[in-house]
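Spelled out, the chains give:
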Amino acid sequence: MGSSSMTSHCFVVVTLSLLYVTTTYGQLSQNFYAENCPVLERIVQTEVSGALSAEKRMGASLLRLFFHDCFVQGCDGSVLLNDAPDSERDADANANSLRGFDVIDAIKTKVETNCPGVVSCADILALATREAVVELGGPSWTLLLGRRDSTTSSKKLAEDNLPGPSSSLDGLVTAFANKGFTPTELVALSGAHTIGMAKCEFADEGQVRPECNLDSLAMTALDFADARVPTTPTRHSSTLTSPPAMNKLSEVGLLTGDEGQIRLNCNKVNVN
Ligand code: HEM
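Residues numbered from 1 in each chain as written. Predicted model: local features only at pLDDT ≥ 70, side-chain atom pairs only at ≥ 80, totals over all residues. Heavy atoms only, no water.

Within an unreviewed UniProt entry, the label attached to the protein chain reads peroxidase, and the organism entered is Eleusine coracana subsp. coracana. The record in UniProt for the protein chain states the following under Catalytic activity (unreviewed entry): "2 a phenolic donor + H2O2 = 2 a phenolic radical donor + 2 H2O". As stated in UniProt under Function (unreviewed entry), the record for the protein chain gives "Removal of H(2)O(2), oxidation of toxic reductants, biosynthesis and degradation of lignin, suberization, auxin catabolism, response to environmental stresses such as wounding, pathogen attack and oxidative stress. These functions might be dependent on each isozyme/isoform in each plant tissue." (UniProt positions renumbered as here; feature names shortened; annotations may be inferred.)

Next comes the structure, spelled out in structure tokens:
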């Protein structure tokens, strides 16, 4: 190929790629609901604040719920579905472990009362997560809205994609690389464990506290500020240091435009 045809070939490829990016993400915006649901962010804030006052750990639980949503089919609310057997919720990493579904359902109910059929469950989960992290003293990040909800959810896909506590370092690096994340971003995102709890079965000896038995939970800290207090020893001293990495996580594999649907109930696919 001559150099001028090579140049025009590259130009076409670059232009098409740019067009693709624009069409895929063109509909997303920070103000996506400004006209159709201006009360959205206030509802999310009120509900998340209420949930955190009732139980501070809920912030950590929402953050994990969001990560587990994004890491399977993309941030498409598929983790919230429970209307079919063998959905993501049934995966080993999720069953009897994921929490926060009630908070998302409560927000969705209020949102549907105010602006019916407009706001996706995927966006509600993304907004609630950011709100919770910020309220707990963590970083904020730019959140583009306009995600659509999936109509499918698969236990197998969840088990194939979610890293587990027994994953090797290579396994973790590969799981994150499969979703487009570098090892540095893996470390930054793992700083999420600054907050929250795990079943005692996952705690190593250095972490186990006297009160930790098989029925209870090993804890790091409940908010990002606690984790910075030097007298509170925590083995997870890194914090969720990378707003760009959270931003990237919130844009993994999105459905936009006419893809998917806006579920009326986050737990169920709409039936026509
Ligand atoms: C690097 C791979 C990861 C592995 C192997 C992993 C594994 C785990 C495990 C085993 C638990 C305890 C679950 C339980 O006992 O029920 C946990 C909790 C948690 N994980 Fe991860 N995780 C990973 C990455 C992440 C990421 C990227 C985030 C968020 C950005 C995250 C956020 C959390 C939070 C906040 C909790 C506490 C949840 C609560 O208190 O309810 N994790 N993780």
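Read on, since the account is not over.
Q: Lay out the overall build of the protein chain in plain terms, naming residues and giving numbers.
A: When its secondary structure is counted, the protein chain shows ten helices and two strands. Reading the helices (α) and strands (β) of the protein chain from amino to carboxyl end gives α-α-α-α-α-α-α-α-β-β-α-α. Here the protein chain holds 272 residues, and 44% of them are scored as buried. A fraction of 76% describes how many contacts in the protein chain between residues 6 or more apart in sequence connect residues 24 or more apart. Total accessible area on the protein chain stands at roughly 13,900 Å², and carbon and sulfur atoms take up 56% of it. (Helix = DSSP H or I, 4+ residues; strand = E, 2+ residues; numbered from the N terminus. Buried < 20%, exposed > 50% of the residue type's maximum accessible area, 1.4 Å probe, protein only. Contact = heavy atoms within 4.5 Å. Areas by Shrake-Rupley, 256 points an atom, 1.4 Å probe, with all protein chains shown as cover.)

Q: Just give me the short version of the state of the cysteines, but keep the residues and values in it.
A: Inspection of the entire model under this criterion finds three disulfides. Each sulfur in the disulfide pair Cys-37 and Cys-115 lies 1.9 Å from the other. Of this pair, Cys-37 sits in the loop between α1 (3-25) and α2 (40-54) while Cys-115 sits in the loop between α4 (101-114) and α5 (121-135); the two residues are 78 residues apart in sequence, bridging distant segments of the chain. With its sulfur 2.2 Å from that of its partner, Cys-121 forms a disulfide with Cys-266. Its S-S torsion of approximately -95° makes the covalent link between Cys-121 and Cys-266 left-handed. In this pair, Cys-121 sits in helix α5 while Cys-266 sits in the segment after α10 (243-249), placing the two residues 145 residues apart along the sequence. (Disulfide = S-S within 2.5 Å.)

Q: Which residues make up the UniProt feature "binding site: Ca(2+) 2" (unreviewed entry) in the protein chain, and what values do they have?
A: According to UniProt, the feature "binding site: Ca(2+) 2" (unreviewed entry) maps to Thr-194 in the numbering used here. Tracing the chain through its elements places Thr-194 in the loop between α8 (183-190) and β1 (197-199). A polar contact of 2.4 Å, which involves the side chain of Thr-194, links it to the backbone oxygen of Gly-191. (Polar contact = N/O pair within 3.5 Å; in protein donor to acceptor, adjacent residues only side chain to side chain.)

Q: Hey, could you go over the site of the ligand for me, with residue numbers and the actual values?
A: In the vicinity of the ligand, 22 residues are found, and the nearest of them are Ser-61, Ser-97, His-193, Met-197 and Lys-199. At 2.8 Å from an oxygen atom of the ligand is found a side-chain nitrogen or oxygen belonging to Arg-57. Ser-97 is positioned with one of its side-chain polar atoms (N or O) 2.6 Å from an oxygen atom of the ligand. Elements represented by at least two residues in the shell around the ligand include exactly α3 (58-70), α7 (169-177), α8 and β1. The leading source of residues in the shell around the ligand is α3, at four residues. Grouping the amino acids of the shell around the ligand by side-chain chemistry returns 13 nonpolar, six polar and three charged. (Near = heavy atom within 4 Å. Nonpolar A, V, L, I, M, F, W, Y, C, P; charged D, E, K, R; others polar.)

Q: Give a detailed account of the coordination of the iron atom of the ligand, specifying residues and quantitative values.
A: The expected angle between donors at a tetrahedral four-coordinate metal is 109.5 degrees. At an octahedral six-coordinate metal it is 90 or 180 degrees. Looking at the iron atom of the ligand, one finds just one donor atom contributed by the protein, His-193 (NE2), at 2.0 Å. Within the fold, His-193 resides in the loop between α8 and β1. (Donors = N, O, S within 2.8 Å, 3.2 Å for Na, K, Ca; no water.)

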